[in-house]
Amino acid sequence: MSDQYAVIGNPIGHTKSPLIHGLFAQETQQDMAYTAIEGPLEPQDAFAATVRAFIAAGGKGMNVTAPFKLKAFAMADERSEPAELAGATNALSFKDGRIIAENFDGIGLLRDIKVNLKLPMGGTRVLVLGAGGAVRGALLPFLAAQPAELVVANRDTAKVKALVAQVVARGPLLACGYRDLETMGQFDLVVNATSASLTGELPPVPPSVFSPTGVAYELAYGKRLTPFLRLARNAGTQHVADGVGMLVEQAAEAFAWWRGVRPETRAVIDRLTVPLD
Ligand code: ATR
C-alpha cells in the first residue's frame, strides 16, 4: 500500500492540498496517497479520535487547517519551536507511535518572499499587520531573515504587545497600533496577515507606509486585488502579491519533512495562481 497522508479541516471542500501534494509526489516519484478529510467539529474529542483512527490505519502524516490547528497542537507528543510559539500546528508527522507537530506557515511565507519574489530581507524595514495565529507563526522566521526593523501593528494593541514580548529578545521588534504607523514612514515590505480580507474588509493602515519600490503582500490567496492590495497600488506600490506562493511553499516544507526530498514549487505556484486583475 502507498504511504498515506491527508489534510484535515472543516469545511475542507476548498482545499488545494491534495492537488499540490499529488503534483509534488508525481514530480519526485514518491509512492504516496494524499486525501482530504472533513474533521468532526463535535463532540469535543471527536477530532483527536479521527486523527488516531488515521494513524491506526497506517497514516504517516497530516496537514491541518482551520479550525483544527490548535486542537492538533494540543494532542501532539512533540512540538517544534515555531509550533510552540504559534500555539498551533499545520503539519503532523506520525512516527513510532508519536505525534510530532510542526508549523511551516511562517517559513513558507519567508521562502516565498525571499526566493520567489526575490526580496532580500536583510536590512529592510518590514511591517506586519495583525496578531493572530498567522503572525504568531511568522515572527521567528521573519526575525531570522534579519530585517533592520520589524514592526507589528494590530487593532488590539494589548494583544500585539503581549505577542511581541515573547520574542522581543530575538531581534529589532516593535508592537504598535495603526495610528502609530502614521509617523513611521515607508516600509520595504508590508504584509497583511489579518483576517480582514476574508470578509472584504480593509485594515486601517495609513497609505503612508507603502513605498513605490517596496512589496505589498496579502496572506490570503485567490481573492484577487483585495482592498489592502488596492490601497497599496493606489499609494504607488508596483509590486503586489497574494499568498499563493506561501501556500505552495509551506506544502513543500511539509513534503520535504515527511519524504526527505524537496519538490520544485514554481510550476505548482503558476498552476494555482489566480491573476490579481
Ligand atoms: P488567526 O489566528 O486565524 O490569524 P485571529 O486570531 O482571529 O485569527 O486573528 C485575526 C487577526 O486579524 C487579528 O489580528 C485581528 O485583529 P484584532 O486582534 O485587533 O481583532 C485582525 N483583523 C480581523 N479583521 C480585521 C479588520 N477588519 N481590520 C484590522 N484587523 C483585523
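Rules used throughout
- By convention here, each chain's residues receive numbers from 1 onward along its written sequence.
- For a predicted model such as this one, the threshold for reporting local features is a pLDDT of at least 70, and the threshold for listing and counting side-chain atom pairs is 80 or more; totals across whole chains, interfaces and linings nevertheless cover every residue.
- The basis for every side-chain value is the complete set of non-hydrogen atoms in the structure, without hydrogens or water.
- Numbered from the N terminus, helices here are DSSP runs of H or I no shorter than four residues, and strands are runs of E no shorter than two.
- For this measure, only C-alpha atoms enter the radius of gyration; the expected value for a globule follows 2.2 Å times N^0.38, where N is the number of residues.
- Each residue gets one of three labels from its accessible area relative to the maximum for its type: buried under 20%, exposed over 50%, partly exposed in between, using a 1.4 Å probe on protein chains only.
- When at least one non-hydrogen atom of a residue lies within 4 Å of a molecule or strand, that residue is treated as near it.
- Pairs of N or O atoms are called polar contacts if they sit within 3.5 Å, as long as, within protein, a hydrogen donor faces a hydrogen acceptor (for residues adjacent in sequence, only side-chain-to-side-chain pairs).
- Per-residue and other accessible areas follow the Shrake-Rupley method at a 1.4 Å probe size, with only the shown protein chains counted as cover for residues.
- Charged residues are taken to be Asp, Glu, Lys and Arg, nonpolar residues to be Ala, Val, Leu, Ile, Met, Phe, Trp, Tyr, Cys and Pro, and polar residues to be all remaining types, Gly included.
- Only the stretch in contact is used when a helix axis is fitted, and all axes are lines through C-alpha atoms; the angle between N-to-C directions ranges over 0 to 180 degrees.
- In these notes the angle categories are as follows: under 35 degrees is roughly parallel, over 145 is roughly antiparallel, 65 to 115 is roughly perpendicular, and the rest is oblique.
- By definition, any crossing whose near helix is turned counterclockwise from its far helix by less than a right angle is left-handed, and any crossing with a clockwise turn is right-handed.
- Only heavy atoms enter the contact rule, under which two residues are in contact if any of them lie within 4.5 Å.
- Pairing between two strands is assigned when DSSP locates at least 2 bridges connecting them.
- Convention used here: a crossover is right-handed provided that the path from the first strand, over the helix, to the second strand proceeds clockwise when the strands point away from the viewer.
- Ring geometry is summarised as follows: Phe, Tyr and Trp rings, the Trp one being its six-membered ring, pair when their centres sit within 6.5 Å, and such pairs are stacked at plane angles under 30 degrees, edge-to-face over 60 and tilted between the two.
- In this scheme, Lys NZ or Arg CZ marks a charge over a ring once it lies within 6 Å of the ring centre and within 35 degrees of the ring normal.
- The domain limits used here are those given by an automatic or database domain assignment.
- When two parts are put together, the accessible area they lose, computed with a 1.4 Å probe and summed over both, is reported as buried area.
- The term salt bridge refers to a pairing of a side-chain nitrogen on Lys or Arg with a carboxyl oxygen on Asp or Glu at a separation within 4 Å.

1. Details of the overall build of the chain
Then comes step 1: Looking only at helices and strands, the chain features ten helices and twelve strands.
Then comes step 2: In summary, the chain has a C-alpha radius of gyration of 19 Å against a globular reference of 19 Å for 277 residues, a match within 12%.
Then comes step 3: Along the longest, intermediate and shortest principal axes, the C-alpha atoms of the chain span 60 × 40 × 30 Å.
Then comes step 4: Among the 277 residues that make up the chain, the fraction classed as buried is 53%.

2. Considerations on the site of the ligand
Then comes step 1: Around the ligand, 16 residues are found, and the nearest of them are Ala131, Gly133, Asn154, Asp156 and Glu201.
Then comes step 2: In this structure, an oxygen atom belonging to the ligand sits 2.9 Å away from a main-chain N or O atom of aspartate 156.
Then comes step 3: One nitrogen or oxygen atom from the main chain of serine 195 is found 3.0 Å from an oxygen atom belonging to the ligand.
Then comes step 4: Protein contact buries 71% of the 650 Å² of open area that the ligand shows by itself.
Then comes step 5: Class assignment for the residues of the shell around the ligand results in six nonpolar, six polar and four charged.

3. A few points about the packing of helix H1 (residues 17-28) against helix H9 (residues 244-259)
Then comes step 1: It is at 10 Å that the axes of H1 and H9 come closest, and there the two elements cross at 50°. The orientation of H1 relative to H9 falls into the category oblique. Considering the relative orientation of H1 and H9, their crossing is right-handed. In this structure, H1 uses Ile20, His21, Phe24, Ala25 and Thr28 to contact H9, whose residues at the interface are Leu247, Val248, Ala251, Ala252, Phe255 and Trp258.
Then comes step 2: A class-by-class count of the residues in the contact of H1 with H9 yields nine nonpolar, two polar and no charged.

4. What to know about the pairing of strand S7 (residues 125-129)
Then comes step 1: When you tally the buried positions in S7, you get four out of five residues, the bulk of the element.
Then comes step 2: As paired strands, S7 and strand S8 (residues 149-153) are joined by five bridges and run parallel to one another. Considered in S8, the bridge of arginine 125 is made with glutamate 149.
Then comes step 3: Between the parallel elements S7 and S8, the chain passes through helix H6 (residues 133-144) in a crossover that is right-handed.
Then comes step 4: As paired elements, S7 and strand S10 (residues 189-192) share four bridges and run parallel to each other. Its bridge partner being in S10, valine 128 is matched across the sheet by valine 191.

5. Regarding the packing of aromatic side chains
Given two aromatic rings, one states the distance between the centres and the angle between the planes to describe the pair.
Then comes step 1: Scanning the model with the defined rule gives seven aromatic pairs in all.
Then comes step 2: With a centroid separation of 4.5 Å and 15° between ring planes, the pair formed by phenylalanine 47 and phenylalanine 68 is classed as stacked. Residue phenylalanine 47 is found in helix H2 (residues 46-56), and its partner phenylalanine 68 is found in the loop between strand S3 (59-64) and helix H3 (69-74); the two are separated by 21 residues along the sequence.
Then comes step 3: Between phenylalanine 104 and tryptophan 257, the aromatic rings sit 5.5 Å apart at their centres with planes inclined by 75°, giving edge-to-face as the arrangement. Of this pair, phenylalanine 104 sits in the loop between strand S6 (98-102) and helix H5 (105-116) while tryptophan 257 sits in helix H9, placing them 153 residues apart in sequence.
Then comes step 4: In this structure, arginine 79 packs its charged tip against the face of phenylalanine 73, placed 4.4 Å from the ring centre.

6. With respect to the domain arrangement of the chain
Interfaces are often sized by the accessible area lost when the parts come together.
Then comes step 1: Split into domains, the chain comes out as domain 1 (3-103 + 245-272) and domain 2 (106-242).
Then comes step 2: Put simply, the middle of domain 1 and the middle of domain 2, counted by C-alpha atoms, are 26 Å apart.
Then comes step 3: At the junction of the two partners, domain 1 supplies 14 residues and domain 2 supplies 18 residues.
Then comes step 4: Contact between domain 1 and domain 2 buries roughly 1,400 Å² in total, counting both sides, with carbon and sulfur atoms accounting for 58%.
Then comes step 5: Looking at the side of domain 1 facing domain 2, the largest losses of area belong to Leu85, Met246 and Glu249, adding up to 42% of the total buried there.
Then comes step 6: Here arginine 170 ties to glutamate 81 by a salt bridge, and the two come within 2.4 Å at their closest N and O atoms.
Then comes step 7: Applying the counting rule to domain 1 against domain 2 returns six residue pairs in polar contact (both at pLDDT 80 or more).
Then comes step 8: Element by element, the count of residues in the side of domain 1 that touches domain 2 is highest for H9, at six residues.

7. Describing the pattern of salt bridges
Then comes step 1: Across all of its chains, the model carries twelve salt bridges by this definition.
Then comes step 2: The partner of glutamate 249 in a salt bridge is arginine 111, and the shortest N-O contact between them spans 3.2 Å. Placement of the pair is glutamate 249 in helix H9 and arginine 111 in helix H5, with a sequence separation of 138 residues.
Then comes step 3: Arginine 111 sits in the partly exposed class, given a relative accessible area of 30%.
Then comes step 4: Residues arginine 125 and glutamate 149 are paired through a salt bridge, measuring 2.9 Å at the closest nitrogen-oxygen approach. With a gap of 24 residues between them, arginine 125 in strand S7 and glutamate 149 in strand S8 connect regions that are remote in the sequence.
Then comes step 5: For arginine 125, a relative accessible area of 21% translates into the label partly exposed.
Then comes step 6: Here the salt bridges do not stand alone but share partners, grouping Arg111, Glu249, Glu253 and Arg262 into one network.

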